[in-house]
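For reference, the chains in residue letters:
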Amino acid sequence: MSALEKQVHVGRLPPRPPMPGGLQSGSKMRMGPGRKRDFSPIPWSQYFESMEDVVVESETGKDSFRIYKSGSEGPVLLLLHGGGHSALSWAVFTTAIISRIQCRVVAVDQRGHGETKVKNPDDLSAETMSRDIGNVVEALYGDLPPPIMLIGHSMGGAIAVHTAASNLVPSLLGLCMIDVVEGTAMDALNSMQNFLRSRPKTFKSVENAIEWSVKSGQIRNLDSARVSMVGQVKQCEEATSPEGPKALVEGIIEEEEEDEDENGGQSINKRKKEDDSETKKERPYTWRIELSKTEKYWEGWFKGLSNLFLGCSIPKQLLLAGVDRLDKDLTIGQMQGKFQMQVLPQCGHAVHEDAPDKVRPFSSVYAINV
């Protein structure tokens, strides 16, 4: 066992130096009275150090997985987002954890999500998605991967457990599930379609999507919503118009012809570019992935999850937004000391987004005696 791994197992990771100017990562700026809330999007580069597309070989060809990274030394925190989200949901958490401990962060856009491009994006089975994670690790680190800890939220937590249980990450040192429990997840499946139908189908802008996410309580931390929602929505392919997209394009062409006649053959390229720009602005935004169409995979993600989690021999942590979410198997396992549990009751489902400074997987998990 390396010196680093020994440090990790006794919970003595070297702390990061304080941020310049006394600022604390993840801290929120308080607005004065009467100031309007800013719902404008924030780029990923404000939180991650780099971004790249990792190409892996699959049975159907080459797949490209978008990842975001920070840190250059220490164990790797491999972060898996929840259903419908993207790697950007870990942005504010990444800044918070990197400021506290010496580690590396790798956040992955999973299959069918974010900017990842695969041959078969509709195959969201637990087996395929966990194999994706193993392939990404192999593509990044080869046969000698560094110590890795898997942290997953919701769907991502389930995939993290399936990945660990299948031994697809040989250097795995720890496992953390965030707000996902088999019992409550299985109970919620019957109402999931109703929940998805209750969400807006389109947004007039990214700002509008960010505002909805905060005001609806989907993400309670505005800072996180401003970077996270960018990975959840995309611009529609067609513009909105009373007569439809085709009529809108035809109207632009007619205007160009009239301008040419009235101005004696004057160039219309400038007018066309302006009209194209206006057309683009009228295109609304919609969800990047239609979660309602993934229903056939939901049971496979969560059924048997508690026993799979408890059966992993590595240090484990379960982080919940409420203790009432525990099912019978995990309640017994927690009483037997089989995993560490942290409860953050003031948070919503997106615990790592709502309270990034309070999510501390390293100090909790690696202090456990294996």
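Structure: above.
What counts, and where the lines are drawn
Residues numbered from 1 in each chain as written. Predicted model: local features only at pLDDT ≥ 70, side-chain atom pairs only at ≥ 80, totals over all residues. Heavy atoms only, no water. Salt bridge = Lys/Arg side-chain N within 4 Å of Asp/Glu carboxyl O. Helix = DSSP H or I, 4+ residues; strand = E, 2+ residues; numbered from the N terminus. Buried < 20%, exposed > 50% of the residue type's maximum accessible area, 1.4 Å probe, protein only. Pairing = 2+ DSSP bridges. Axes fitted to C-alpha atoms, helices over the stretch in contact; angles between N-to-C directions. Contact = heavy atoms within 4.5 Å. Phe/Tyr/Trp six-rings, centres within 6.5 Å; stacked < 30°, edge-to-face > 60°. Core = buried A, V, L, I, M, F, W, Y, C linked by side-chain atoms within 4.5 Å. Parallel < 35°, antiparallel > 145°, perpendicular 65-115°, else oblique. Left-handed = near helix turned anticlockwise from the far one by under 90°.

What exactly am I supposed to notice about the pattern of salt bridges here?
If the charged atoms of two oppositely charged side chains come close together, the side chains can form a pair. Under the criterion given, the structure shown has ten salt bridges. The salt bridge involving D38 is made with R226; its shortest N-O contact spans 3.1 Å. Taken together, the positions of D38 in the loop between α1 (3-9) and β1 (50-58) and R226 in helix α7 (residues 222-228) put the pair 188 residues apart, joining distant regions of the chain. Overall, D38 belongs to the partly exposed group, its relative accessible area being 37%. Among the charged side chains, a salt-bridge network with shared partners connects D63, R111 and D132.

Looking at this structure, how should I read the environment of G217?
Inspection of the secondary structure puts G217 in the loop between α6 (206-215) and α7. Taking the C-alpha atoms as reference points, G217 and A350, separated by 133 residues in sequence, lie 9.6 Å from one another.

Looking at this structure, I do not really get the sheet that holds β1. What am I missing?
By way of backbone hydrogen bonds, the strands of a sheet pair with one another, either parallel or antiparallel. Overall, mixed pairing links the eight strands, which are arranged β1-β2-β4-β3-β5-β6-β10-β11 in an open sheet. Taken across any chain shown, the strands that pair with only one partner, and hence form the sheet edges, are β1 and β11 (340-343). Mean inter-strand twist for the sheet, computed between neighbouring axes without regard to direction, equals 25°. Bridging between strand β10 (residues 316-320) and β11 involves four bridges; their strand directions are parallel. Residue pairing in the sheet places Q317 in a bridge with Q340 of β11. Packed on one face of the sheet, helix α3 (residues 126-141) meets β1, β2 (61-70), β3 (76-80), β4 (104-108) and β5 (148-153) and runs near 115° to β1. The sheet strands contacting helix α4 (residues 155-165) are β3, β5 and β6 (172-178), and the helix crosses β5 at an angle near 145°.

Any chance you could explain the packing of aromatic side chains here in plain terms?
Both the distance between ring centres and the angle between the ring planes are used here to describe each pair of aromatic rings. Summed over all chains, the structure comprises eight aromatic pairs. With 5.7 Å between their ring centres and 70° between their planes, W90 and F93 make a pair best called edge-to-face. Judged by its relative accessible area of 0%, W90 falls in the buried class. Assessed through its relative accessible area of 0%, F93 is described here as buried. Between the aromatic rings of W212 and W287, the centroid separation amounts to 5.7 Å while the plane-to-plane angle is 75°, which identifies the pairing as edge-to-face.

Is there a simple way to explain the sheet that holds strand β7 (residues 202-203) in this structure?
Read across the sheet, three strands follow the order β7-β9-β8 without closing on themselves; strand pairing throughout is antiparallel. The open sheet has two edge strands with one neighbour each: β7 and β8 (233-235). Pairing geometry for β8 and strand β9 (residues 285-287), over three bridges, is antiparallel. Following the sheet pairing, Q235 is matched in β9 by Y285.

Would you take a moment to explain the nonpolar core for this structure?
In summary, soluble globular proteins display a tendency toward joint burial of nonpolar side chains. L175, W301, F309 and L318 are the most contacted members of the largest nonpolar core, which totals 49 residues. Ranked by the residues each element gives to this core, the list is headed by α4, at six residues. If you look at the next biggest cluster of nonpolar residues, it comprises 30 residues, including Y47, Y68, A107 and I178.

Where do I start with the packing of α4 against helix α10 (residues 295-302) in this structure?
When two helices pack together, their arrangement is given by the angle between their axes and by how far apart the axes lie. Interhelical geometry of α4 versus α10 gives an angle of 55° and a closest axis separation of 9 Å. As far as their axial angle goes, α10 and α4 are oblique. When the axes of α4 and α10 are compared, the crossing they make is left-handed. Counting all contacts with α4, which are made through M155, A158, I159 and H162, the residues of α10 involved are G300, W301 and F302.

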